[in-house]
Amino acid sequence: SSLLSHRVWSSNGAASKVLLMPCTQASASLWLAICAASAPWVTLAVGPNDCSSNSLSVFESEDKLLAYAASLDRSSMYGGQPVAAVGGTQATATSSGTKSSSGTGESITNNQEEGADEGGIVKAHGDFLVILRRGRLFTAKLGTDKIEPIAGVNAYGPNAKPASWYDEMLVYQDTVLVVGYSYAAYSGGGRRGATELGLFKLDVTTGKLTFRRSYYLRSNDYYSSRNYASRLIGSNFILYMPYHFVSYGAGVVQSTFPCMRKVEDPEWMNITNFQDIYRPLPGVEGSVLHTVVVCDLAEFAQDGSLRCTARGVLGPQSRVFYVSTQSVYVWVGSSKTPNSTAALYKLPLDNGTAPAALNVIGAPVDQLSFKEESGQWLSVLVRSEAKGDGMWDAEASAGEVGLLRVPLSLFSPGMYCFTGAKHFAPLLTPAKVLGRSAFQNRHVGDFILYGMGAGWRSSGAHKDDAVYIYNRTGGVTSKLSLPHAVDRIEALGSNAAVVIGSNGADLYFSAVVLVAGNLPKLGGRLMRRGATQGETRTHGFFYKPQADGTGVLGLPLRSAKQPGWSQLVSAGAGILFARVINGSDFSKLGELPARDGGKDDKCEASCVDWYGNARPIFYKGRVFALLGYELVEGQLTKNSLVESKRAHLFPSAQGTMANVDKVVTPQGSLFFWSVTEVANGSAVAPALPPSTSQTSTGGTTSNAFRESSAVFRTLWFAKVGLILAICSMLGKL
């Protein structure tokens, strides 16, 4: 808990112990215990059916807000401590300051919601790709005869001190916005730490980049191993950021609010005040201000000034936020106490509508736990001992599984309501398996799929590996056994999904057929020998439907020997592409491998790839692979994908290129099984020949980056170790 403001990870962090709370006699004046053998943790608040008496309040004055913060002890930062009563006034509508519109253009990002573009490391605009990596911005022109690198500039202003990390990027018309975080930026009140927004102009004719302006926003680190801090809906840039009112040390109350300023200007500008900060719900007190910032990039494009507004809710530190095209949902609760009461806030993107809240229990694991259904319902998969998705909390959740499903009409503007037993459905809970602490989930059509994987750690085989599938309309949970972990779940349209995971030696793709009115069933299966997925984030995968009714998927690979966190410090081996037929069968296409030898790029900022560095890209009927600093195009036919073009974005960092014959996919590394073969149990790969070493996988999982650059690799591991040591020291201080 002392390291929450710094990005460090534990190399041997064990999964949280599962603790099933027994049903207890509840006080009639407070809570009703819903005691069911299948879900002993479900303890729900009971309130009046009419929520009109439960006002969601803002603070009457800044003094009362600070008095509230002063009444909290340090432990309340993490949730659930009683506090002195503080008066408030009922929330009222504020003036409208945002627009609601859908995104435009062809997206190359595996976004959760159509029309809500997520901050990422690569975006497309016209004939150009814009790439963010290791503190630098690059552009490349996608010509018909070649891929031409155009620009390579720092992701920060000239003569400016760079931030600690540059993580996400969004593109609106000719404006490129980069989101970063600086631990060193002075943010007032004796504090350091701010989110940095850097804005660049993209010349849509030449691809050149010009720095325009950068801003600081007072905040703590927004980082999540799964979620993305920013979204773009129409011209509205939306940012989530946590802000601690109480310092980690002596519990000194900060008299500063979330504000913004130009990096070169010491004067802070208000983007919120006490009237935009909502009091926590009873039982969900805390001193973390969960802040949603909205900035209009259309206005910035017109006059070069970025204007932002913000609203926030106070609560414990643990959180997950989800963005639909209409609202931002923020779930806050305790990260210390299992089965604690939590709050779910709905903040409409139309600032003219007041927020609303629900009193809930448990916690979702990440943003993929949420789904707003056709503007009528909200479904959220929860666990009794989840901690949210801040930093690495999503990588180790525990406890029983349930589904919260509420009508959106239950969110009454300016009010908070109670949920009850009718809003929760207890679901099957995956078996506890050693090495399976990372809970994965995904909504696909009327179904919710979930299971356990290795996450950032190394994987292995286990007899209890399975995917669980709940049908929202039928109310039935199915369990389908798998020969691999559940490390990723992705949609293949609305009637099929693919479950991807490793058994410690090989990478599997298992199709799942989802048809309304029928029980889910396994489809075909693909196996890549000696590999595991090279990226753990959702953006590492992409599925592109084709005109002939099939589809093509892409996923980065790396050696099966490497744990998930390897994506932070080394480029992937290549990207595998496969054709999907009828959502249930796979056929071979090919792999686009990395060949760069990895020369030192003299990185000065953001020298860890927290968001990974490899992406499959489908754009304007073409197929590309982003592999670190390499950009490769493949020529797609019905039965194959063959490299046609390759470019290096940063020539001064290009090492010795591997020979083509050293990175081709070896014979006998890909296996495909049909729906029938999977169903009758004959989907079994032949044993490796005795002469084949399992430690040398060949093909793209043994590329030149790792084989010829041991010194470079050792250098970066040493730098990461130094970062961890410094962060640990600062946290203890």
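Going by the structure above, here's the rest.
Residues numbered from 1 in each chain as written. Predicted model: local features only at pLDDT ≥ 70, side-chain atom pairs only at ≥ 80, totals over all residues. Heavy atoms only, no water.

**Let's talk about the pattern of salt bridges**
- The full count for this structure, using the stated rule, is 26 salt bridges.
- Among the ionic pairs, Asp303 bridges to Arg307, the shortest N-O distance being 2.7 Å.
- When the shortest N-O distance is used, the salt bridge between Glu643 and Arg646 registers 2.7 Å.
- Exposure remark for Glu643: the relative accessible area of 33% places this residue in the partly exposed category.
- Shared partners join several salt bridges into a network, and the residues in it are Glu373, Arg405, Asp446 and Arg472. (Salt bridge = Lys/Arg side-chain N within 4 Å of Asp/Glu carboxyl O. Buried < 20%, exposed > 50% of the residue type's maximum accessible area, 1.4 Å probe, protein only.)

**Considerations on the environment of Cys417**
- By the element assignment, Cys417 lies in strand β28 (residues 416-418).
- Residue contacts for Cys417: discarding those within four places in its chain leaves Cys51, Ala357, Leu358, Asn359 and Leu410. (Helix = DSSP H or I, 4+ residues; strand = E, 2+ residues; numbered from the N terminus. Contact = heavy atoms within 4.5 Å.)

**Here's the deal with the nonpolar core**
- Counting 56 residues, the largest nonpolar core has Phe237, Leu306, Ile617 and Leu631 as the members making the most contacts within it.
- It is strand β11 (residues 175-188) that contributes the most residues to this core, 4 residues altogether.
- The contact partners of Ile617, leaving out residues within four places of it in the chain, are Ile108, Val122, Leu129, Arg622, Val623, Phe624, Leu626 and Leu631. (Core = buried A, V, L, I, M, F, W, Y, C linked by side-chain atoms within 4.5 Å.)

**Points about the environment of Ala69**
- For Ala69, the location among the structural elements is in helix α1 (residues 62-70).
- Placed 219 residues apart in sequence, Ala69 and Val288 show a C-alpha to C-alpha distance of 9.4 Å.

**A few points about the layout of surface pockets**
- One number sums up the size of the largest pocket: a volume of about 1,300 Å³.
- Listed by contribution, the elements that provide at least two residues to the lining of the largest pocket are β6 (122-125), β10 (165-172), β25 (370-373), β30 (438-444), β34 (488-491) and β39 (542-545).
- For the lining of the largest pocket, a count of residues per class yields 16 nonpolar, 20 polar and 9 charged. (1 Å grid on protein atoms, 1.4 Å probe; cavity = no way out; pocket = protein on both sides within 12 Å on 5 of 7 lines; lining within 4 Å. Points joined across faces, edges and corners; volume = space filled by probe spheres on them. Nonpolar A, V, L, I, M, F, W, Y, C, P; charged D, E, K, R; others polar.)

**Observations concerning empty space enclosed by the protein**
- Across all of its chains, the model carries 10 cavities of 30 Å³ or more by this definition.
- What the largest cavity holds in volume is close to 200 Å³.
- What lines the largest cavity is a set of 19 residues, and nearest its centre among them are Arg226, Gln440, Asp487, Thr536 and Thr538.
- Looking at the lining of the largest cavity, the elements with two or more residues in it are β30 and β34.
- Looking at the lining of the largest cavity residue by residue, the class counts come to 3 nonpolar, 8 polar and 8 charged.

**Quick look at the packing of aromatic side chains**
- Tallying each qualifying case throughout the model produces 25 aromatic pairs.
- Ring plane angle 80° and centroid distance 6.5 Å describe the contact between Trp331 and Phe370, whose orientation is recorded as edge-to-face. Of the two residues, Trp331 is situated in strand β22 (residues 327-333) and Phe370 in strand β25; the sequence distance between them amounts to 39 residues. With respect to burial, Trp331 and Phe370 carry one shared label: buried.
- Grouping aromatic residues by their ring pairs yields a cluster made of Trp165, Tyr223, Tyr228, Trp392, Trp610 and Tyr611. (Phe/Tyr/Trp six-rings, centres within 6.5 Å; stacked < 30°, edge-to-face > 60°.)

**Quick look at the side chain of Asp296**
- With respect to the helices and strands, the residue Asp296 is situated in strand β19 (residues 288-296).
- The buried category is assigned to Asp296, whose relative accessible area is 4%.
- Here the side chain of Asp296 touches Ser235 through a polar contact of 3.0 Å, side chain to side chain. (Polar contact = N/O pair within 3.5 Å; in protein donor to acceptor, adjacent residues only side chain to side chain.)

**Digging into α1**
- Looking at α1, one finds that the buried residues are Leu65, Leu66, Tyr68 and Ala69. Along the axis of α1, the buried positions cluster into a sector of 155°, meaning they face one direction only. Exposed and oriented more than 90 degrees from the buried face of α1 are Asp63 and Ala70.
- Buried residues in α1 make contact with β3 (57-59), β18 (277-278) and β20 (308-315). (Arc of directions from axis to C-beta.)

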